[in-house]
Amino acid sequence: MCILNTEDKILNASIVLFSQKGFTAVTTKEIAKNAGVSEMTLFRHFESKHNLFEKAFDKFIFSPKIKALFEGLEWDLESDLNKICYSYQDTLYKNQKIILMHFKNEALNPDFDETLFKFPNEFKKLLGYYFEEMRNRGAVRENPETLAMSFLATNFGLFITSLVINKLTFETDIQVCIASCVKIFAKGITC
């Protein structure tokens, strides 16, 4: 059995509440109560609700697993893109509530958006490095940044589509969709 420290209790409670209600609807008092701590304790660990959200977002959304994934690639385009796509879809799926929270939230300040876009921006950067190396190896011919953006957009579109389709009760096999998308994408950019 894992015993959580105070900071982890607050982070866990906050991410659940943020994803259920949205950032603006949740109070620090509510987070503290759900974490089993006082509001003063919450503020001893986190200077503000926004700071708490940033820390929770970093802990739960952009996991070190993504960076490790890019370090362990085989430099086989279709195989690598499948691994990247599955990992990205898994991360999006596990964090769908917090992602959807952003879509339903009222207008947020640019600092908050910067936190939310940290994961896709970092992911795009890692993809760009990957496609740059693949271009250096003669495997792809297009601009690495354009490829990274296209692959990211395709994958995010697949994620949103799967959410909508599942809510409409159509059956779709996401793994078949991923394999097809990757095969088409890889074929289209291969030298």
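These figures come from a predicted structure and were not determined experimentally. (Residues numbered from 1 in each chain as written. Predicted model: local features only at pLDDT ≥ 70, side-chain atom pairs only at ≥ 80, totals over all residues. Heavy atoms only, no water.)

**Q** Please explain the side chain of T28 as it appears in this structure.
**A** In this fold, T28 is placed in helix 2 (residues 28-35). At 2.4 Å, the side chain of T28 and the side chain of E39 are in polar contact. If we skip the residues at most four places from it in the chain, T28 touches E39, L42, F43 and K49. (Helix = DSSP H or I, 4+ residues; strand = E, 2+ residues; numbered from the N terminus. Polar contact = N/O pair within 3.5 Å; in protein donor to acceptor, adjacent residues only side chain to side chain. Contact = heavy atoms within 4.5 Å.)

**Q** I tried to follow the packing of aromatic side chains on my own but got confused; where do I start?
**A** Both the distance between ring centres and the angle between the ring planes are used here to describe each pair of aromatic rings. This model, assessed by the stated rule, comprises 11 aromatic pairs. With a centroid separation of 5.5 Å and 65 degrees between ring planes, the pair formed by Y130 and F131 is classed as edge-to-face. Taking the relative accessible area as the measure of exposure, Y130 reaches 2% and is therefore buried. Taken together, the ring pairs in this structure connect W75, Y130, F131, F151 and F185 into an aromatic cluster. One Lys or Arg, K49, reaches over the ring of F23 and ends 4.5 Å from the middle of that ring. (Phe/Tyr/Trp six-rings, centres within 6.5 Å; stacked < 30°, edge-to-face > 60°. Buried < 20%, exposed > 50% of the residue type's maximum accessible area, 1.4 Å probe, protein only. Lys NZ or Arg CZ within 6 Å of the ring centre and 35° of its normal.)

**Q** I tried to follow the UniProt feature "DNA-binding region" (unreviewed entry) in the protein chain on my own but got confused; where do I start?
**A** Within this numbering scheme, the UniProt entry marks residues 27-46 as carrying the feature "DNA-binding region" (unreviewed entry). The span residues 27-46 is 75% helical and 0% strand by assignment, and the distance between its end C-alpha atoms comes to 14 Å. (UniProt positions renumbered as here; feature names shortened; annotations may be inferred.)

**Q** I tried to follow the pattern of salt bridges on my own but got confused; where do I start?
**A** Any two side chains of opposite charge can pair if their charged atoms end up close together. For the structure on display, the rule yields 7 salt bridges. A salt bridge links K83 to E74, with the nearest nitrogen and oxygen atoms 2.3 Å apart. Under the relative-accessibility criterion, E74 is labelled partly exposed at 49%. Among the salt bridges present, the one from R141 reaches E142, with a minimum N-O distance of 3.5 Å. Classification of R141 as partly exposed rests on a relative accessible area of 48%. Taking relative accessible area as the criterion, E142 reaches 36% and is therefore assigned partly exposed. (Salt bridge = Lys/Arg side-chain N within 4 Å of Asp/Glu carboxyl O.)

**Q** Would you mind showing me how to read helix 11 (residues 174-189) here?
**A** Along an α-helix, a turn takes 3.6 residues, which lines up residues three or four apart on a common side. The end-to-end C-alpha separation of helix 11 is 22 Å, in line with the 22 Å expected for 16 residues at 1.5 Å each. Every buried residue of helix 11 is accounted for by I178, V182, F185, A186 and I189. Looking straight down helix 11, one finds that the buried residues subtend no more than 95 degrees of arc, so they occupy a single side. Exposed residues lying more than 90 degrees from the buried face of helix 11 are K183, I184 and K187. (Expected span 1.5 Å × (residues − 1). Arc of directions from axis to C-beta.)

**Q** How do you make sense of the side chain of T41 when you look at a structure like this?
**A** Among the secondary structure elements, T41 is positioned in helix 3 (residues 39-45). Once residues within four sequence positions are removed from consideration, T41 is found in contact with T6 and I10.

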